[in-house]
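In case you want the letters, here they are:
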Amino acid sequence: MSVIQQPNANSAADSHCSSCGAPYGEGVSGWPRTCPACHTVAYRNPLPVAVALQPVYDTKGTALVVITRTIAPARGSTALPGGFIEQQEDWRGAVVRELKEETGIDAPERDVRLADAMSSPDGHLLLFGLLPERPAADLPPSAATDETEGWQLLHRPAELAFPLHTLAVQAFFEGRYI
């Protein structure tokens, strides 16, 4: 009978099989990988991210709601509201949840439509959900949240904290999502 080592607090991330706990061993890298003990194949799947494109209009014209991040990565930078999709959560629900958490803005899940899907070099899949345009005057006041300094309006394309956010904003203002 073999004894299988269990990972401990000092183990490196992804160094042990998630099925049986056996160490992968020296030199094992890359994905997928096969456990030498139980032969389970492990995959590294992309982490899906839901990103909100909330267009608004005011006296200056059409704008998008953006936030200033107070958390890493990109603390202090401007980004679209968004975050990871939770286990068993619909991506549309994640779009409106993240919009609410980061801006205080409510939106119905049924109004979200897929504007774009992009993969980042670090392995994340970003789903950009477009909401209907609404008057800026109807939005709640901008206020700090657990992750942001509050929201503001972006009236033209700009470089944002994340390259794919920048691409989506450019596409929006070029009319490619309408």
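It should be noted that the structure appears before, not after, this text.
Residues numbered from 1 in each chain as written. Predicted model: local features only at pLDDT ≥ 70, side-chain atom pairs only at ≥ 80, totals over all residues. Heavy atoms only, no water.

Digging into the pairing of strand 8 (residues 113-119)
Thought 1: Where strand 8 and strand 9 (residues 124-130) come together, six bridges link them in antiparallel fashion. Pairing of Leu114 across the sheet is with Gly129, part of strand 9. (Pairing = 2+ DSSP bridges. Helix = DSSP H or I, 4+ residues; strand = E, 2+ residues; numbered from the N terminus.)

Some points on helix 2 (residues 163-173)
Thought 1: Every buried residue belonging to helix 2 is among Leu164, His165, Ala168, Val169, Ala171 and Phe172, and all of these are buried. Down the axis of helix 2, the sector holding all buried residues measures 160 degrees, keeping them to one side. (Buried < 20%, exposed > 50% of the residue type's maximum accessible area, 1.4 Å probe, protein only. Arc of directions from axis to C-beta.)

Observations concerning the side chain of His124
Thought 1: Tracing the chain through its elements places His124 in strand 9.
Thought 2: There is a polar contact of 2.8 Å between the side chain of His124 and the side chain of Asp122.
Thought 3: Excluding anything up to four places from it in sequence, His124 contacts Pro46, Leu47, Val49, Phe84, Met118 and Ser119. (Polar contact = N/O pair within 3.5 Å; in protein donor to acceptor, adjacent residues only side chain to side chain. Contact = heavy atoms within 4.5 Å.)

Here we look at the sheet that holds strand 7 (residues 82-84)
Thought 1: With respect to topology, four strands assemble into an open sheet ordered 7-3-9-8, the strand pairing being mixed. The open sheet has two free edges, formed respectively by strand 7 and strand 8, since each of these has just one partner strand. Strand-to-strand twist in this sheet, taken as the mean axis angle between neighbours without regard to direction, amounts to 20 degrees.
Thought 2: Summarising the sheet, strand 3 (residues 47-53) and strand 7 pair through three bridges and their orientation is antiparallel. For Val51, the partnering residue across the bridge sits in strand 7 and is Gly82.
Thought 3: Against the sheet, helix 2 contacts strand 3, strand 8 and strand 9, and its axis sits at roughly 30 degrees relative to strand 9. (Axes fitted to C-alpha atoms, helices over the stretch in contact; angles between N-to-C directions.)

A look at the pattern of salt bridges
Thought 1: Considering all chains together, one arrives at eight salt bridges under this definition.
Thought 2: Arg97 is the salt-bridge partner of Glu89, the closest N and O atoms lying 2.7 Å from each other.
Thought 3: A salt bridge links Arg97 to Glu101, with the nearest nitrogen and oxygen atoms 3.2 Å apart. Residue Arg97 and its partner Glu101 are both found in helix 1 (residues 91-103); the two are separated by four residues, about one turn of the helix.
Thought 4: Classification of Arg97 by relative accessible area gives buried; the value is 16%.
Thought 5: Judged by its relative accessible area of 38%, Glu101 falls in the partly exposed class.
Thought 6: Connected through shared salt-bridge partners, Glu86, Glu89, Arg97, Glu98 and Glu101 make up one network. (Salt bridge = Lys/Arg side-chain N within 4 Å of Asp/Glu carboxyl O.)

A word on helix 1
Owing to its 3.6 residues per turn, the α-helix aligns residues three or four sequence positions apart on the same side.
Thought 1: With 13 residues, helix 1 extends 18 Å from end C-alpha to end C-alpha; this agrees with the ideal 18 Å at 1.5 Å per step.
Thought 2: Burial analysis of helix 1 places ten of its 13 residues in the buried class, which makes it a mostly covered element.
Thought 3: For helix 1, the set of buried residues is Trp91, Gly93, Ala94, Val95, Val96, Arg97, Glu98, Leu99, Glu102 and Thr103.
Thought 4: On its buried side, helix 1 packs onto strand 3, strand 5 (61-69), strand 7, strand 8, strand 9 and strand 11 (148-154). (Expected span 1.5 Å × (residues − 1).)

Remarks on the nonpolar core
Thought 1: Counting residues in hydrophobic clusters, the biggest one holds 21 residues, and the most contacted among them are Val95 and Leu131.
Thought 2: The set of elements that each furnish at least two residues to this core consists of strand 3, strand 5 and helix 1.
Thought 3: Here the element with the most residues in this core is helix 1; it accounts for five residues.
Thought 4: Leave out the neighbours within four places in its chain, and Leu131 touches Leu53, Gln54, Pro55, Val95, Val96, Leu99, Ala107, Pro108, Asp111 and Val112.
Thought 5: Counting residues in each nonpolar core, the second largest holds 19 residues, with Leu53, Leu80, Leu160 and Ala171 among its members. (Core = buried A, V, L, I, M, F, W, Y, C linked by side-chain atoms within 4.5 Å.)

Keep in mind that these numbers describe shape and distance, not what the molecule does.
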